[in-house]
Amino acid sequence: MPTRILPAGADPDAVRSLTTLLSQLPDAEPQPPVTDSTQLVDTLARLAAESVEELPEIVVVHERIGPVPALELIREVALRFPAAGVVLVTSDASPGLFAAAMDSGARGLVGLPLSYEELAGRVQAVAQWSAGVRRHLGHGAEAPAGAGGTVVTVSGAKGGVGATLTAVQLALAAQASGRATALVDLDLQSGDIASYLDVQFRRSVADLAAITDISPRVLADAVFRHDTGLALLLAPAEGERGEEVTERATRQMVGALRSRYEAVVVDCGAQLSGAGAAAVETADTALLVTTPDVIAVRAAKRTVRMWDRLQIRKAEETTVVVNRHTRTTEIQPALVQRITGTALARTAVPAAFRELQGVVDAGRLHELDGRSTVKQALWALAAELGLAKAGEQPAHRGTGRATVGFRRRKE
């Protein structure tokens, strides 16, 4: 059976030379090359959604690829698509880079200029490894959507449109559906998840930023276990520490969470940071929350265009959620979709702030009554996204009224 090899690199001449040499290898079947990290991950995700057998046996990543650096890209591919062996092509074949590539999940390294013998030997070894992995998984077994979990990011078109409320309720719905769920606050300067869920904490995302290898134990020490069962990874209490959370750190954190939890919901806030951009780019689903008013819809359109210019996310790969929807407003969801050019969530969230005011003021959003139309809509959205079971209704929790008071907070 021929070995399918997917080349990836941004330099057309280098990729052309690599593809030519690959085509000369016995039993090798080079695939059409991809030119950047986003295209590579999207291609592998599309193939994995069909079957693990559709994935190429080998992915060859040239050192000149972007916008994600080669080693970070290798780490993501190795985590999300473990049945595909990754080979790095680089001009630096030093022991230090070799060790870094292996730590990232690469199965081999080939030096530049390319040598037929070296490339043939590495491809043969990785092809044998990939075949063994697939036998272990079982012929025809389906590949996981990621390394265990689904990542959904929630961003606001502007401040105050309800992104945090949406993220919290999506995570609660996933947890109530029986899925191990993490809720991450990447609104690094002004994150409110801790306030919404009445928690005090010592650890935050900033504490993970300087760690190069996030083990399960390190991750467990950083998360706060909420009474609802949610694992919370919160924004730093000191907003200036948000600068410590880089794109690289975010990709590593999201990968670690994806490997440990079945659902990961990330609140990215309304201001684009490097960390938020990395989360949106790597997410399985990227939500953009807006309200049906001119200012917010214009902001949503600007955000979508900016994401496209920065190669973070294409418009058609972004899903807009309309919050505070009423039938009488002039701007209806279908119009929002036409203006932004995005996909549109079938579920619109109704305008019913009175249902929310008590639990929001008390910092007990998790105690919102199951009869709340807002909660029912957001849990229906969770089912639409595959985070919760379709048709599952939130349980009633008392009267839905809450008062502001002093209570003992958990450490």
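Residues numbered from 1 in each chain as written. Predicted model: local features only at pLDDT ≥ 70, side-chain atom pairs only at ≥ 80, totals over all residues. Heavy atoms only, no water.

Compared with an ideal rise of 1.5 Å per residue, which puts 14 residues at 20 Å, helix α10 (residues 247-260) spans 20 Å between its outermost C-alpha atoms and is within 8% of the ideal. Where burial is concerned, most of α10 is hidden: 10 out of the 14 residues are buried. (Helix = DSSP H or I, 4+ residues; strand = E, 2+ residues; numbered from the N terminus. Expected span 1.5 Å × (residues − 1). Buried < 20%, exposed > 50% of the residue type's maximum accessible area, 1.4 Å probe, protein only.)

Quick look at the UniProt feature "domain: Response regulatory" (unreviewed entry) in the protein chain now. According to UniProt, the positions carrying the feature "domain: Response regulatory" (unreviewed entry) are residues 4-127. Each end of residues 4-127 is marked by a C-alpha atom, and these two atoms are 9 Å apart; helix forms 48% of the span and strand 19%. (UniProt positions renumbered as here; feature names shortened; annotations may be inferred.)

Attention shifts here to the sheet that holds strand β8 (residues 224-225). Reading across the sheet, the eight strands line up as β8-β9-β7-β10-β6-β11-β12-β13 and stay open at both edges, with mixed pairing between neighbours. The open sheet is flanked by β8 and β13 (343-344), the only strands paired with a single partner. Of the pairings in the sheet, the one linking strand β7 (residues 181-185) to strand β9 (residues 231-233) comprises three bridges and is parallel in character. For L183, the partnering residue across the bridge sits in β9 and is L232. (Pairing = 2+ DSSP bridges.)

The element strand β12 (residues 318-322) is largely enclosed, with a buried count of five among its five residues. Burial of the side chains of β12 extends over both faces: T318, V320 and V322 are buried on one face and T319 and V321 on the other. Relative to β12, strand β11 (residues 285-290) runs parallel, the two being bridged by five bridges. Residue pairing across strands places A286 opposite T318, the latter belonging to β12. Pairing of β12 with β13 involves two bridges; the strand directions are parallel.

Turning to the nonpolar core, a few remarks are in order. By size, the foremost hydrophobic cluster in this structure holds 44 residues, and its most contacted members are L186, L233 and V245. The contacts of L233, once residues within four sequence positions are left out, are L183, V184, D185, S204, V205, L208, A222, V223, M253 and L257. The next biggest cluster of nonpolar side chains, apart from the first, holds 43 residues, and it includes L170, A345, L365 and W379. (Core = buried A, V, L, I, M, F, W, Y, C linked by side-chain atoms within 4.5 Å. Contact = heavy atoms within 4.5 Å.)

Attention now goes to the confidence of the model for the protein chain. Mean pLDDT over the protein chain works out to 88, with 92% of the residues at or above the 70 mark. Counting contacts from residues 139-147, a segment whose pLDDT is below 50, to residues more than four positions away or on other chains yields 19 contacts. Low confidence marks residues 398-411, where pLDDT is under 50. Its contacts with residues over four positions away, or in another chain, come to 24 contacts. (pLDDT = per-residue confidence, 0-100.)

Relative to the elements of secondary structure, G242 occurs in the loop between β9 and α10. Since its relative accessible area comes to 4%, G242 is described here as buried. As a C-alpha pair, G242 and Y261 span 19 residues in sequence and 24 Å in three-dimensional space. In this structure G242 touches L188, Q189 and P236, once residues within four positions along its chain are discounted.

If a probe as big as a water molecule is rolled over the atoms, it shows which places are left empty. As enumerated under the stated definition, the model contains two cavities of 30 Å³ or more in all. Space inside the largest cavity adds up to approximately 60 Å³. Lining the largest cavity are V184, L186, L233, T250, M253, V254, L257, V264 and V266. Elements supplying a minimum of two residues to the lining of the largest cavity: α10 and β10 (263-269). If you tally residues by element for the lining of the largest cavity, the top one is α10, at four residues. (1 Å grid on protein atoms, 1.4 Å probe; cavity = no way out; pocket = protein on both sides within 12 Å on 5 of 7 lines; lining within 4 Å. Points joined across faces, edges and corners; volume = space filled by probe spheres on them.)

On to helix α2 (residues 37-50). In this model, α2 (14 residues) spans 21 Å end to end at C-alpha, consistent with the 20 Å of a helix rising 1.5 Å per residue. What α2 keeps buried is the set S37, T38, L40, V41, T43, L44, L47 and A48. In the core, the buried residues of α2 are packed alongside β1 (3-8), β3 (58-62), α3 (70-80) and α11 (274-282). You can read the cap of α2 off the contacts: a side-chain oxygen lies 3.1 Å from the backbone nitrogen of T38, and it is on D36. (Polar contact = N/O pair within 3.5 Å; in protein donor to acceptor, adjacent residues only side chain to side chain.)

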